[in-house]
Amino acid sequence: MKKTEVGVGVVGLGFVGEKAHLPAFRSVKGSRLVAVADIDLERAKRAAEKFRLTSVYASHKDLIKDPNVDAVVVSVPTFLHRQIAVYAIRAGKHVLCEMPLAPNLREAQEIVEEAKRAGVVLMPSLNFRFTPNYVRTKELIEKGAIGTPTAAFYREFIAAEVLAQQWPPNSWAWDEAKSGGGPAFTLSVWSIDLLRWILESEVVDISSAYNDVVLNELGGTRGYASLSVLQFSNGAVAALQFSGLVRHAMSTSELEILGSNTNSILAEGNDHLTLYGSNPEKQEWIFRETGPRVWGHYQADEHFVRSILENRRPVITGEDAMKAQETATKIITAKRKRS
């Protein structure tokens, strides 16, 4: 009998686990949210009460052993991904794993290979591919709105105060062995994958510069600044700017794509898109999605469930995660050379 429902268990109830994946899987068609696990059991109990779940665990192993769990969402700190993902895969569970897959390419490759051997669905949570304004960007390019995309500029500035609150200076995120290279590495993989997807090309050359500034007034948080230029196999070039060295007012996420016909596209945040063409009036779109939909998590989670039910390969694979991490690793190498 064909399976019509996927029992989902979420391991890790940080912001993404609790605010994105739990509400998404609660409402995705074909998904049945059945269990949560967090090392903070009281936090897990509160989440279970909110989402009316009866299965609550303090250990990922207990959640994975739950016979009602068909798929596991791994939304814990990066250095724990391999341990939990491999345990779930070997138990025959499908896995949706947050990014980066692991702090280093060796562990990430192990996760990918284990999933292939087990024949389960492994999908990295590269939700930018499902974010509404980026989806429309891709559609406009495919329709020829800017001719051939030739150059891309991506900027992500995060307020230093926000970083200090989310990842205090003594947090795992600043430990390169655990995170892979600090917040700049952790946060860069989504935009790298986004560019590979939009440009439909692979990175063949990278030049980078990196600088850290210790912010003593924020307890020692480092206001990183990373600049990179990427050359793609199809000739396109891209510039990436990442920083945690700004105030709230300058926080931004922007993607600009320049085309061969001199038209261009500007995507701002998750909800705004502008097409600059030959007409005097620019074309603008405002996307009014809310909650997990505006970030693309709902759509990504829905695709994960559908891939399982339809027994097919998801559009985002472990290989995509590996390629994004390879580029992110090369970018962060500029920092290590200066250290």
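The structure presented is a predicted model; accordingly, all values stated were derived computationally and were not measured.

Rules of the game
- Residues numbered from 1 in each chain as written.
- Predicted model: local features only at pLDDT ≥ 70, side-chain atom pairs only at ≥ 80, totals over all residues.
- Heavy atoms only, no water.
- Helix = DSSP H or I, 4+ residues; strand = E, 2+ residues; numbered from the N terminus.
- Rg over C-alpha atoms; globule rule 2.2 N^0.38 Å.
- Buried < 20%, exposed > 50% of the residue type's maximum accessible area, 1.4 Å probe, protein only.
- Contact = heavy atoms within 4.5 Å.
- Lys, Arg positive; Asp, Glu negative; His and termini not counted.
- Charge placed at Lys NZ, Arg CZ, Asp CG, Glu CD.
- Salt bridge = Lys/Arg side-chain N within 4 Å of Asp/Glu carboxyl O.
- Arc of directions from axis to C-beta.
- Axes fitted to C-alpha atoms, helices over the stretch in contact; angles between N-to-C directions.
- Parallel < 35°, antiparallel > 145°, perpendicular 65-115°, else oblique.
- Left-handed = near helix turned anticlockwise from the far one by under 90°.
- Pairing = 2+ DSSP bridges.
- Expected span 1.5 Å × (residues − 1).
- Bend = angle between axes of the 7 residues up to and from the residue.
- Phe/Tyr/Trp six-rings, centres within 6.5 Å; stacked < 30°, edge-to-face > 60°.
- Lys NZ or Arg CZ within 6 Å of the ring centre and 35° of its normal.
- Core = buried A, V, L, I, M, F, W, Y, C linked by side-chain atoms within 4.5 Å.

**Looking at the overall build of the chain**
Item 1. Counting its secondary structure elements, the chain contains 12 helices and 16 strands.
Item 2. Its C-alpha atoms give the chain a radius of gyration of 20 Å, within 12% of the compact-globule value 20 Å for 339 residues.
Item 3. Taking the principal axes of its C-alpha atoms as reference, the chain extends roughly 55 × 50 × 35 Å.
Item 4. A burial count over the chain gives 55% of its 339 residues as buried.
Item 5. Counting only contacts in the chain whose residues sit at least 6 apart along the sequence, the fraction spanning at least 24 positions is 69%.
Item 6. For the chain, the centre of its 40 positive side-chain charges and the centre of its 39 negative side-chain charges are spaced 4 Å apart.

**Describing the pattern of salt bridges**
Item 1. With the rule as written, the count across this model stands at 22 salt bridges.
Item 2. Residue Asp320 pairs with Arg129 through a salt bridge whose shortest N-O separation is 3.5 Å. Taken as a pair, Asp320 in helix H12 (residues 318-338) and Arg129 in the loop between strand E6 (122-124) and helix H6 (132-142) lie far apart in primary sequence, 191 residues in all. Accessibility assignment for this pair places Asp320 and Arg129 in one class, buried.
Item 3. Glu142 is the salt-bridge partner of Lys138, the closest N and O atoms lying 3.9 Å from each other.

**A few points about helix H2 (residues 41-50)**
Item 1. Those residues of H2 that fall on the buried side of the exposure criterion are Ala44, Ala47 and Ala48. Looking straight down H2, one finds its buried side chains confined to an arc of 100°; they lie on one side. For H2, the exposed residues lying more than 90 degrees away from the buried face are Arg46, Glu49 and Lys50.
Item 2. Backbone geometry just downstream of H2 places Arg52 in the positive-phi region, at approximately 60°.

**Side note on the packing of H6 against helix H9 (residues 182-199)**
Think of two packed helices as two axes; the pair is described by the angle between the axes and how far apart they sit.
Item 1. With their axes 10 Å apart at the nearest point, H6 and H9 run at an angle of 25° to one another. Overall, the two elements H6 and H9 adopt an arrangement that is roughly parallel. Note that H6 runs across H9; the crossing there is right-handed. Packed against H6, whose contacting residues are Tyr134, Val135, Thr137, Lys138 and Ile141, the element H9 presents Leu194, Trp197 and Ile198 at the interface.

**Digging into the sheet that holds strand E12 (residues 237-246)**
Item 1. With respect to topology, eight strands assemble into an open sheet ordered E8-E11-E12-E7-E13-E14-E15-E16, the strand pairing being mixed. This sheet does not close on itself; its edge strands, each paired only once, are strand E8 (203-211) and strand E16 (283-286). Averaged over all neighbouring strand pairs, the angle between strand axes comes to 10°, with direction disregarded.
Item 2. Pairing of strand E13 (residues 252-259) with strand E14 (residues 264-268) involves five bridges; the strand directions are antiparallel. Within the sheet, the bridge partner assigned to Leu258 lies in E14 and is Ser264.

**A look at H9**
Item 1. The terminal C-alpha atoms of H9, which comprises 18 residues, lie 27 Å apart, in line with the 26 Å expected from a rise of 1.5 Å per residue.
Item 2. Approximately 35° is the largest bend angle found in H9, and it occurs at Ser188.
Item 3. Counting buried positions along H9 gives 18 out of 18 residues, so the element sits mostly inside the fold.
Item 4. Just downstream of H9, Glu200 is the residue with a positive phi angle, here 50°.

**Considering the packing of aromatic side chains**
Item 1. What the rule picks out here adds up to six aromatic pairs.
Item 2. By the ring-pair criterion, three or more aromatic residues cluster together here, those being Phe79, Trp167 and Trp172.
Item 3. Directly above the ring of Phe79 sits Lys178, whose terminal nitrogen or CZ lies 4.9 Å from the centroid.
Item 4. Taking NZ or CZ as reference, Arg293 lies 3.8 Å from the ring centre of Tyr298, over its face.

**Here's the deal with the nonpolar core**
Item 1. Ranked by size, the top nonpolar core spans 103 residues in total, and within it Leu63 and Leu255 carry the most contacts.
Item 2. Ranked by residue count, the leading element in this core is H9, at 11 residues.
Item 3. The residues touching Leu255, leaving out its near neighbours within four places in the chain, are Tyr134, Phe153, Tyr154, Leu194, Leu195, Ile198, Ile265, Leu266 and Ala267.

**Section: the environment of Lys61**
Item 1. Here Lys61 is to be found in helix H3 (residues 60-65).
Item 2. In this structure the C-alpha to C-alpha distance between Lys61 and Tyr87, which are 26 residues apart in sequence, comes to 7.6 Å.

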